[in-house]
Structures are given as C-alpha cells and as structure tokens.
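An overview of the molecular structure
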Amino acid sequence: MPWRVGIDEAGYGPNLGPLVMTAVACRVPQDLVADDLWRVLRPAVRRATSKGVRRLLVDDSKVVYSTARGIGALETSVLSILQAATATVPPSVAGLVESLHPTHELSGEPWYDGATAIPLATAAEVIAAGAARFRAACAAADISWTLFRCVIVCPSRFNAWVEQWGSKGSVLSAGLTQLLNVVQALEPAEPVAVTVDKHGGRNFYSAALQEAFPSGWALPIEEGMECSSYEIRGLDRPMQVTFRPRADGGHFEVALASMFSKYVREALMAEFNAFWKQHVPDLEPTAGYPGDSRRFFDAIRPALLRLQIPE
C-alpha cells in the first residue's frame with residue numbers, strides 16, 4: 001500500500017508569531033494512489049463548495065478559517081481527524097504541540113506556556129462524532145492516516161535563517177527538509193508520492209531536495225509554472241515529490257496539511273495574544289499580518305521594554 005503525503009504551511013506572510021509547516025501522510029490501496037480523496041471519503045468530508053453540515057470541511061485553510069468565520073469549522077475538522085487517527089485529542093496547546101513537533105523551541109518564547117485548553121471552541125461530542133464518521137469512511141476505503149508532523153519556526157530562528165541564507169524562501173526550504181526527513185523514514189518502506197504547495201513563484205527545487213535526500217539524488221521530471229516534479233532515486237523506496245500552485249485547494253492531503261498548520265498557528269496566537277493582554281489590558285488581539293502588526297507592536301512596545309524582551 002503506497003503512501004500519499006501532503007505538505008503546506010501557515011504563517012509565512014505575518015510579521016508576528018511563528019511559521020508552521022505540516023506534513024500529513026496516509027497509506028492507500030494501489031488503485032487510490034491518484035484518486036480524489038474528497039470523493040473516496042465523501043461520507044465524512046466535503047469541500048467548502050459542498051453542502052452537508054455533518055461532514056467535516058476539508059479545504060484550503062484560507063476558505064475554512066478567517067477571523068470573521070471563527071475557528072469552529074477548522075478546529076472541528078482538524079481535531080476530529082486527529083482523534084480518528086490517534087484515538088485522542090490533546091487536552092492543551094502544550095499537548096498538541098508536543099504530539100506534532102516533539103523537538104519544538106517554543107519554550108524560548110516568553111508568551112508560550114502551553115496551558116490553553118484544547119478544544120478552543122468546539123464541544124468534545126462534536127469532535128467525537130466527526131472522528132467516528134471519518135474513521136468509518138477511511139476503514140471502508142482501507143485508508144490509514146499515520147503521520148501528522150509539524151515544524152514550528154519561531155521568530156528568532158526564522159530571522160536567523162533569513163540572515164544566514166539571504167531570503168525568506170530559504171526558511172521554507174529548511175522546514176521542508178525537516179519534514180521530508182520524517183517522510184522518508186515512514187514504515188513500511190512502500191512507494192511515496194509527496195505533494196507540496198508551491199513556494200511562491202519558484203519553479204526549481206532540485207537543490208532543496210538534494211539537501212533533504214543526501215543519500216539519493218533528485219531527478220527532475222518536469223519544471224514549470226504549473227508543476228515541478230522530481231523522482232528521488234537511490235532511496236530504499238520509490239519516491240516522487242511534486243510542487244503545484246494552489247495544491248491546498250486541489251489535493252486533499254495538502255488541504256489537510258494546510259488546515260493543521262493554520263490550526264496550530266491559531267492556537268499559538270491565542271497564547272501570544274493572551275500573554276500581551278496581561279501586560280496591556282486594553283489591547284486588541286492580532287493575527288500578526290502586516291496590515292495590523294504595526295498597530296499591535298506599537299501598543300506593546302512599552303511593555304516590551306519593561307519586560308526586557310528583545311524585539
């Protein structure tokens with residue numbers, strides 16, 4: 001049974017808060033290697049354009065979540081699928097982070113303590129019902145989800161990588177390398193098809209993939225605006241890595257990776273905002289994006305100086 005893997009990120013654009021990249025992986029029967037998982041798992045999931053209040057919404061995280069829509073649909077889908085796969089939901093942000101990125105560096109962030117309760121806004125019985133439907137749909141299709149792994153890049157690490165390599169894009173490459181290192185260790189050693197949402201306008205990824213697979217070599221199959229695809233040779237299993245624009249809207253596993261990244265980031269931003277509100281009581285929360293980050297940073301600057309936290 002081959003592996004299907006999706007990789008995407010959240011937090012690349014904001015000025016405040018962490019970047020989160022996620023890989024999710026499932027094993028599928030051979031005849032589902034290239035099939036539409038929205039169709040296969042239709043009893044339990046839907047796209048944003050489909051109806052069905054009882055089915056889990058899985059799509060590009062930008063259409064699932066916004067500050068206006070709230071976190072309910074995003075949280076319900078992410079935690080239901082996590083519970084379906086692992087039989088549990090972590091009780092706190094710390095538990096969530098440690099299950100998804102065991103070697104994280106969040107303890108170095110003054111705003112992080114991990115005590116925020118999970119779920120953030122959704123009733124446990126709603127998540128349990130969604131998990132049961134997703135588990136049943138996967139069982140009927142002989143699909144098993146066995147990997148949910150994040151790379152959480154805090155600002156100090158992000159800035160150091162940008163300074164070291166001279167571009168923001170290098171941060172995505174570094175995160176991708178870490179996730180692909182986990183993917184190539186998946187057991188059993190069956191063929192792997194990885195789909196990644198394209199990193200900006202880049203078309204060429206051979207160098208980044210060579211960094212991720214030092215014991216193999218990346219052979220370009222196609223490199224262009226709509227698809228950059230590579231066969232990784234010399235490993236213990238066949239592996240193909242494909243980069244596509246808007247993959248989070250066209251590939252189920254990439255959409256799910258997008259949603260996990262967004263949910264983890266939003267859970268962390270809840271802690272970020274709660275910390276600063278303790279020190280600036282009238283402070284309005286921020287999502288960290290450029291349009292609002294200056295207002296927020298100006299508001300916390302006196303507390304930043306008082307607490308001796310470096311910019």
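Up top is the structure these notes are about.
Remember, it's a predicted structure, so these values are computed and weren't measured experimentally.

Thresholds applied
Residues numbered from 1 in each chain as written. Predicted model: local features only at pLDDT ≥ 70, side-chain atom pairs only at ≥ 80, totals over all residues. Heavy atoms only, no water. Helix = DSSP H or I, 4+ residues; strand = E, 2+ residues; numbered from the N terminus. Polar contact = N/O pair within 3.5 Å; in protein donor to acceptor, adjacent residues only side chain to side chain. Expected span 1.5 Å × (residues − 1). Buried < 20%, exposed > 50% of the residue type's maximum accessible area, 1.4 Å probe, protein only. Contact = heavy atoms within 4.5 Å. Axes fitted to C-alpha atoms, helices over the stretch in contact; angles between N-to-C directions. Parallel < 35°, antiparallel > 145°, perpendicular 65-115°, else oblique. Left-handed = near helix turned anticlockwise from the far one by under 90°.

1. Here we look at the environment of Asn15
Within the element layout of this structure, Asn15 appears in the loop between strand S1 (3–10) and strand S2 (19–27). Sequence separation of Asn15 and Ala124 is 109 residues, and the distance between their C-alpha atoms is 33 Å. One polar contact links Asn15 to Ser293, side chain to side chain, over a distance of 2.9 Å.

2. Observations regarding helix H3 (residues 72–86)
Its 15 residues give H3 an end-to-end C-alpha distance of 21 Å, which sits within 8% of 21 Å, the value for a rise of 1.5 Å per residue. In terms of burial, H3 is a largely internal element, 11 of the 15 residues being buried. If you check which residues of H3 are buried, you get Leu74, Glu75, Thr76, Ser77, Val78, Leu79, Ser80, Ile81, Leu82, Gln83 and Ala84. Residues of H3 that are buried sit in contact with strand S4 (56–57), helix H2 (61–64), helix H4 (93–100), helix H5 (124–141), strand S5 (144–153) and helix H10 (252–279). One or two positions beyond H3, positive phi appears at Ala87, with a value near 70 degrees.

3. What about the packing of H3 against H5?
At a closest axis distance of 8 Å, the pairing of H3 and H5 adopts a crossing angle of 60 degrees. Relative to H5, H3 is oriented oblique. Crossing geometry of H3 relative to H5 is assigned as right-handed. Residues Thr76, Leu79, Ser80, Ile81, Gln83 and Ala84 of H3 touch H5, and the partners they reach there are Val126, Ile127, Ala128, Gly130, Ala131, Phe134 and Arg135.

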